[in-house]
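Structural characterization, general
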Amino acid sequence: MPHLAEQDDRRALAAPAQRARLLPAPIAPPPARVLVITGPSGVGKGTVIRALRERTGGLEVAVSATTRAPRPGEENGRDYHFLSSDEFERRLAAGQFLEHATYAGNRYGTLRSELERPARILVLEIEIQGARQVREVLPEAMRVFVAPPSIDALRERLAGRGSDSPGQVESRLAAAADEIRAQSEFEHVVVNDRLEPAVDELERLVATMRDTES
Ligand code: ADP
Ligand code: 5GP
């Protein structure tokens, strides 16, 4: 039986070398630049990223995987990929994570597949251990540490958010003291005191990423 392409005499196929010259190469979108936003829980990372996305286009936020339980209103696949501990460890063993960490008793990580999201700039909102790993695996990523104006302001924000129990607030504050000391490891530090100036500063940093786009 003849091959289907040979039956279709309206579309005689060119020899492979000729086809290579005639057909334009498929245009793959350039890979996204990666912007890491790190800092203690409750400092306002999610808030500044939301505000930044309202001001500037082309930014996508990677959806992390976690073993923590969804909070009310959180959706699987939108806010996080909520995984069982077994599934998280299975994917980790299979090399599927770009970075990962244990934070306040739960596992968190960025799946490598998130890097394929179509975006000019892909934002990773992650804690510090993960941000350190990104420096090793993606040294070209821009890494920004968002700092609180004070520990008291951080406590107020964590408590005011109302999403964590008092025990969880304390465990996040305990982690924050060490995290704040690590801020000197980061190329850029933005203090989120008043929201607008903090977002202005981030916007300027993102503009420098765009300026260096090839
Ligand atoms: P993170 O993502 O770092 O855990 P969130 O974005 O959830 O932090 O912010 C924690 C709480 O702090 C939220 O209730 C948020 O509205 C509040 N917040 C964020 N930025 C500011 C700011 N500049 N001033 C006062 N409150 C803020
Ligand atoms: P939360 O439980 O408040 O959503 O997140 C707790 C902490 O985990 C936050 O500091 C948040 O930035 C961080 N986090 C969220 N996703 C990831 C991730 O994929 N990797 C790492 N390393 N940290 C993450």
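Coordinates for the structure precede this section.
This section reports on the structure supplied with the text. Just so it is clear, the structure is predicted and the values come from calculations on it, not from any experiment. (Residues numbered from 1 in each chain as written. Chains lettered and ligands numbered in written order. Predicted model: local features only at pLDDT ≥ 70, side-chain atom pairs only at ≥ 80, totals over all residues.)

A look at the sheet that holds strand S4 (residues 81-82)
Spatially, S4-S3-S6-S5 is the arrangement adopted by the four strands of the open sheet, whose pairing is mixed. Edge positions in the sheet fall to S4 and strand S5 (97-103), since each of these pairs with one other strand and no more. Strands strand S3 (65-66), S5 and strand S6 (106-111) of the sheet are contacted by helix H4 (residues 85-93), whose axis makes an angle of about 140° with S5. This element, helix H5 (residues 128-137), spans S5 and S6 of the sheet and lies at about 160° to S5. (Pairing = 2+ DSSP bridges. Helix = DSSP H or I, 4+ residues; strand = E, 2+ residues; numbered from the N terminus. Contact = placed C-beta atoms within 7 Å. Axes fitted to C-alpha atoms, helices over the stretch in contact; angles between N-to-C directions.)

Observations regarding the site of ligand 2
What surrounds ligand 2 is a group of 15 residues, the closest being Ser64, Ala101, Tyr108, Ile126 and Gly130. Put simply, the parts of the chain that give the shell around ligand 2 at least two residues each are S5, S6 and H5. In terms of residue class, the shell around ligand 2 is made up of four nonpolar, six polar and five charged. (Near = placed C-beta within 6 Å. Nonpolar A, V, L, I, M, F, W, Y, C, P; charged D, E, K, R; others polar.)

What to know about the site of ligand 1
Taken together, 13 residues sit near ligand 1, with Gly44, Lys45, Gly46, Thr47 and Arg157 positioned nearest. Of all the elements in the fold, those that place two or more residues in the shell around ligand 1 are helix H3 (45-55) and helix H6 (151-161). The residue inventory of the shell around ligand 1, partitioned by class, reads two nonpolar, seven polar and four charged.

Geometric descriptors of this kind do not, in isolation, establish any biological role.
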